[in-house]
2 protein chains.
Amino acid sequence: MRTINAIESSQKHFEYCPLDTTLGILSGKWKSIIICRLMSASLHFSELHKEIPRCSKRMLALQLSELQEDQIIKRQVTATFHTEYSLTAWGQSLAPLVTALNSWGRHYLKENAGKIAGNNNLDC
Amino acid sequence: MRTINAIESSQKHFEYCPLDTTLGILSGKWKSIIICRLMSASLHFSELHKEIPRCSKRMLALQLSELQEDQIIKRQVTATFHTEYSLTAWGQSLAPLVTALNSWGRHYLKENAGKIAGNNNLDC
DNA sequence: CCGAATCCTAAATGATACTG
DNA sequence: CAGTATCATTTAGGATTCGG
């Protein structure tokens, strides 16, 4: 009996808050990564799972279904036991935000953790 | 023994992800609202609490201390038993992002929940 | 291969009381 | 006033199993 997830959960101050609506969509534990990955290409469930090994199968399924409810991604059965996930128009419209958030974070990390070891490219 | 919160918690794919760093800062349960409020003016603890009644005193204190650790807000004792919170430079630099996220959310809400009752101004 | 259902533990949050 | 400490409850998430 759910409608859109992110809308229901963005009423913290008694009314709908667009800022929290957006954050609600992006900030599930694995959602940003999923969106990032799908920004490059459509992927099967197992491919996504390989890309995000720390996310259990159960969690991946959960996050994917929430993103579907929020109309950010769409699911298509390509063959028996094969499902492909891709961004919807709404999902694609998030790209500039994702880029902006990523840039801010990169700047912040550089300033505050300049001494981070390793050769991170610092991107999703 | 904590360093910066948001940095530690943004290593979901084994390395630092700037996108998740930013989202980690913004997406604590009450953080976005706190930041919004402080974007207009510096506020005392009790004033913030009045603005966000659904957030318990305990949670408010928690979220404020995390935002402090992340260098987004600063805390100043103005008188005995009076503390004032305001944005740091990093906090202020979030303004464009907050605006962008809010705009996207407003658009999304309009399309997906056009029939929302009431006279919401749809802003934080 | 994809994902739902179940069970169980750990983490997050609320309620309340306490203190400088 | 601005928190902290403690306890009770809720919620999130992992492990495992099952089935289309």
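Provided above is the structure to which this section pertains.
Residues numbered from 1 in each chain as written. Chains lettered and ligands numbered in written order. Predicted model: local features only at pLDDT ≥ 70, side-chain atom pairs only at ≥ 80, totals over all residues. Heavy atoms only, no water.

A. Just the pairing of strand 2 (residues 73-79) of chain A, in detail. Residue and element names in this part refer to chain A. For strand 2 and strand 3 (residues 82-87), the ladder comprises 6 bridges, and the chain directions are antiparallel. Bridge pairing in strand 3 places Val-77 opposite Thr-83. Linking strand 2 back to strand 3 in an antiparallel pair, the connection comprises 2 residues, with Phe-81 at a positive phi of about 65°. (Pairing = 2+ DSSP bridges. Helix = DSSP H or I, 4+ residues; strand = E, 2+ residues; numbered from the N terminus.)

B. Examining the protein's contact with DNA strand D more closely. Around DNA strand D, the surrounding shell holds 15 residues, and the nearest of these are A:Met59, A:Phe81, B:Ser46, B:Lys57 and B:Tyr85. Within 4 Å of the protein, the atoms of DNA strand D are drawn from sugar and phosphate moieties in a proportion of 56%. One of the backbone nitrogen or oxygen atoms of B:Phe81 is found 2.8 Å away from a sugar or linking oxygen of DNA strand D. The side chain of B:Tyr85 places a nitrogen or oxygen atom 2.5 Å from a phosphate oxygen of DNA strand D. Considering each element in turn, the surface near DNA strand D owes the most residues, 3 residues, to strand 3 (residues 82-87) of chain B. Within the surface near DNA strand D, the residues separate by chemical class into 5 nonpolar, 5 polar and 5 charged. (Near = heavy atom within 4 Å. Polar contact = N/O pair within 3.5 Å; in protein donor to acceptor, adjacent residues only side chain to side chain. Nonpolar A, V, L, I, M, F, W, Y, C, P; charged D, E, K, R; others polar.)

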